[in-house]
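# Structural overview
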Amino acid sequence: MSAVPTISGVAGESCARIASEDANWQPPETCLPSWGNADLPEPTPLAWSQWRSLIGPGIVMMGVQIGGGEWLFGPEITARYGGALMWLATIAIVLQVFYNLEVGRYALYCGEPIFTGFLRTKPGPRFWIAFFLLLSMGAMVPGLAFHAASVLTALWLNTSPTEAHRAHVVGVAFACTALAFVPVLFGKKIYNTLQAIMTLKVVCVLSFCGIVSLLFVDWQAWIAIFSGFLRFGTIPSTDAATGESTVNVAQYLISNGRFPAIGLGEMAAIGAFIGYAGGGGLGNSLYGNFVRDKGWGNGANVGAIPSAFGGKNISLGHFGKVFTVTAENLRRWRGWWKVILVDQAAIWAPGCFVGMALPALLSLQFASPQPAAEAAAKPVPAATAALQAEPAAASSVTAATPAQNFQWAAAMTTAEGMRRDVRLSAGAGQFLWTATLLAGLLVLLPSQMSVVDEVCRRWTDVIWSASPRVREQMHGGEVKRIYYTLAACYFVWCLGTLYLFGAYGTPRLMTLVIGNLGNLALAVTSFHMLWINTRWLPPAIRPGMVARIGLFCCGCFYLAVAALVFYQTVLAK
């Protein structure tokens, strides 16, 4: 008798039993019409010669998510707490790997984004559309365009903007928002345009940060940041020693016999930092859309959203297609699952850690307030020393930003620290200030473009699958009509929210709202997806116990963060 292929390392005899049990598996009845049926295509080979085909959803997600947390709240957190809270990013990224894998599992199986799966559950599409519309309100606020406008204003004025420059920043923000809508018009598939832009962003931004960090950041900062990823249990506390802002819970408990008092004063900023670390919010759910549009798994049998120009021959089915559990389909499933694992474990997760670490290194080196006398006496790398005009004189001026203007200039915190660093000559500081702000634009504008695609893509898929009228009257490539109609409506919405926040809020307030609403959304969808993947997928490909625990912990973690932020910002007032 021929050997039976193994499933995820299960022995051949056991595999035969599992395959026999799954042979009679039938997809359940849901609140939407049934899936179609199609065999899985052959998986993409995992080989160096095929490296181009492996550049896909992981690097797109990485490019999308190198934005708010890394460039905005990372510098704010490291400026206040050093590298002590980087362990929160470790937990966030690891838990999001579990989340992304389950999003990918569902998409590989049926070619649908997980949001369509959510709509299939009771009490039905109308309830879930209203529910998720509320949860996604934060993502609809163009906060990154507002920050990009602050950066452009700083380049124009040669100084960081303040409240006095509100009108100028808001005017530029309108232009930045409009610019973010342009790229989604081109490419055969909108996904292709997104992949090209995000790949360029990842390479350029991480290269810039890496080179500057190697040349100008001292070894103490490297140790502080990378050790911070493992300093679990270190928290802001009012019981911290003089000159410190954090304590380690375990060490304090051993030394004092009681738990330290938690400092919740900046919980909203910490919550937003966690919310933006890695990805966060409903943005992670788009991994399934990208898997489909890339053509991985059964996504190849469903299609993709075409662009306005160049997408004439691209079409999208209204629903996904599932495969019958056979030995051949299970062999192909294992191949596709390896592709997803590599995409997340070898590309997305390491990229997120690097994307968090490098901006944090720069902010710790340049944005942490310290007396100029201390900065001048501090050993510096050779590259920094070579750019010094002369030894810095001691004074009471800080080496970094003298006033941490996070409300209007969060994106410029590190750049201002570089320009004011007494260890650098005026010319070197000005050059680094300009280069860092340009890198910031490369971070913020493509990220705002990805938000445009996120909002339009999610709700296009919702309407395309949930509306009986659309299912009857629109087919194939006509899906782009929905996408671009939503884009036009979203553009008007962005103009309205920019006006409101421009008149009554600040760029930082916008991103605080986005990040913390995202924590609640990620928590809720973790539990929802756990229910779907453990009931609607054939037993042979359902998540194992480790995956279930990881996804459950993801939901609990983000729910706890959302609760702490709510307590500090509402109940404790």
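A brief structural summary. (Residues numbered from 1 in each chain as written. Predicted model: local features only at pLDDT ≥ 70, side-chain atom pairs only at ≥ 80, totals over all residues. Heavy atoms only, no water.)

### With respect to the overall build of the protein
Each helix and strand counted, the protein has 24 helices and 4 strands in total. Taking all 573 residues of the protein together, the buried fraction comes to 57%. Relative to all contacts within the protein whose residues are 6 or more apart in sequence, the contacts with residues 24 or more apart total 82%. A total accessible area of about 22,500 Å² is found for the protein, and carbon and sulfur atoms account for 67% of it. (Helix = DSSP H or I, 4+ residues; strand = E, 2+ residues; numbered from the N terminus. Buried < 20%, exposed > 50% of the residue type's maximum accessible area, 1.4 Å probe, protein only. Contact = heavy atoms within 4.5 Å. Areas by Shrake-Rupley, 256 points an atom, 1.4 Å probe, with all protein chains shown as cover.)

### Focus on the packing of helix H5 (residues 86–110) against helix H14 (residues 287–294)
Between H5 and H14, the least distance of the axes is 8 Å, while the angle of their chain directions is 40 degrees. The pairing of H5 with H14 is recorded here as oblique in orientation. Of the two elements, H5 crosses H14, and the hand of that crossing is right-handed. Facing H5, whose interface residues are Asn100, Val103, Gly104, Ala107 and Leu108, H14 presents Tyr287, Gly288 and Val291. Taken together, the residues of the contact of H5 with H14 sort by class into 5 nonpolar, 3 polar and no charged. (Axes fitted to C-alpha atoms, helices over the stretch in contact; angles between N-to-C directions. Parallel < 35°, antiparallel > 145°, perpendicular 65-115°, else oblique. Left-handed = near helix turned anticlockwise from the far one by under 90°. Nonpolar A, V, L, I, M, F, W, Y, C, P; charged D, E, K, R; others polar.)

### Structural notes on the pattern of salt bridges
Evaluation of the coordinates by the stated rule reveals 15 salt bridges. The partner of glutamate 42 in a salt bridge is arginine 332, with the nearest N and O atoms 3.2 Å apart. On the criterion of sequence distance, the pair formed by glutamate 42 in the loop between strand S1 (36–37) and helix H2 (51–54) and arginine 332 in helix H15 (residues 327–366) is long-range, its members being 290 residues apart. The shortest N-O distance in the salt bridge between arginine 420 and glutamate 416 comes to 3.5 Å. In this pair, arginine 420 and glutamate 416 are both assigned in helix H19 (residues 413–420), 4 residues apart and thus about one turn of the helix distant. Owing to a relative accessible area of 39%, arginine 420 belongs among the partly exposed residues under this scheme. By relative accessible area, which is 4% here, glutamate 416 ends up buried. Residues participating in the shared-partner salt-bridge network are Arg292, Asp293, Asp453, Arg457 and Asp461. (Salt bridge = Lys/Arg side-chain N within 4 Å of Asp/Glu carboxyl O.)

### A closer look at the environment of threonine 121
With respect to the element layout, threonine 121 can be found in the loop between helix H6 (114–120) and helix H7 (125–135). With near-sequence residues (within four places) excluded, threonine 121 lies in contact with Cys31, Trp128, His528, Trp531, Ile532 and Trp536. A polar atom in the side chain of threonine 121 sits 2.6 Å from the backbone oxygen of phenylalanine 118. Separated by 2.9 Å, the side chains of threonine 121 and histidine 528 make a polar contact. (Polar contact = N/O pair within 3.5 Å; in protein donor to acceptor, adjacent residues only side chain to side chain.)

### Thoughts on unusual backbone geometry
The residue after lysine 122, namely proline 123, is reached through a cis peptide bond having omega 10 degrees. Mapped onto the elements of the fold, proline 123 is located in the loop between H6 and H7. Unusually for a residue other than glycine, asparagine 158 sits at a positive phi of about 65 degrees. Relative to the helices and strands, asparagine 158 is located in the loop between helix H8 (143–157) and helix H9 (166–180).

### Comments concerning helix H20 (residues 426–466)
Between its first and last C-alpha atoms H20 spans 59 Å; for 41 residues at 1.5 Å apiece the expected length is 60 Å, and the two agree. Counting buried residues in H20 gives 33 out of 41 residues, a clear majority hidden from the surface. (Expected span 1.5 Å × (residues − 1).)

### Concerning the packing of aromatic side chains
Aromatic rings in a pair are described by how distant their centres are and how their planes are angled relative to each other. Throughout the structure, instances matching the rule amount to 23 aromatic pairs. With a centroid separation of 5.4 Å and 65 degrees between ring planes, the pair formed by phenylalanine 115 and phenylalanine 118 is classed as edge-to-face. Of the two residues, phenylalanine 115 and phenylalanine 118 are both situated in helix H6; the distance of 3 residues between them amounts to about one turn of the helix. Taking relative accessible area as the criterion, phenylalanine 115 reaches 5% and is therefore assigned buried. Between phenylalanine 115 and tryptophan 459, the aromatic rings sit 6.4 Å apart at their centres with planes inclined by 70 degrees, giving edge-to-face as the arrangement. Here tryptophan 459 lies in helix H20 and phenylalanine 115 lies in helix H6, a separation of 344 residues in the sequence. (Phe/Tyr/Trp six-rings, centres within 6.5 Å; stacked < 30°, edge-to-face > 60°.)

### Some points on a nonpolar patch on the surface
Nonpolar side chains collect at one region of the surface, where Leu179, Val182 and Phe186 lie side by side and expose about 270 Å² of accessible area between them. Examined against the element boundaries, phenylalanine 186 turns out to sit in the loop between H9 and helix H10 (190–216). (Patch = residues over 30% accessible without salt bridge, like charges linked within 9 Å, V, L, I, M, F, W, Y side chains within 5 Å.)

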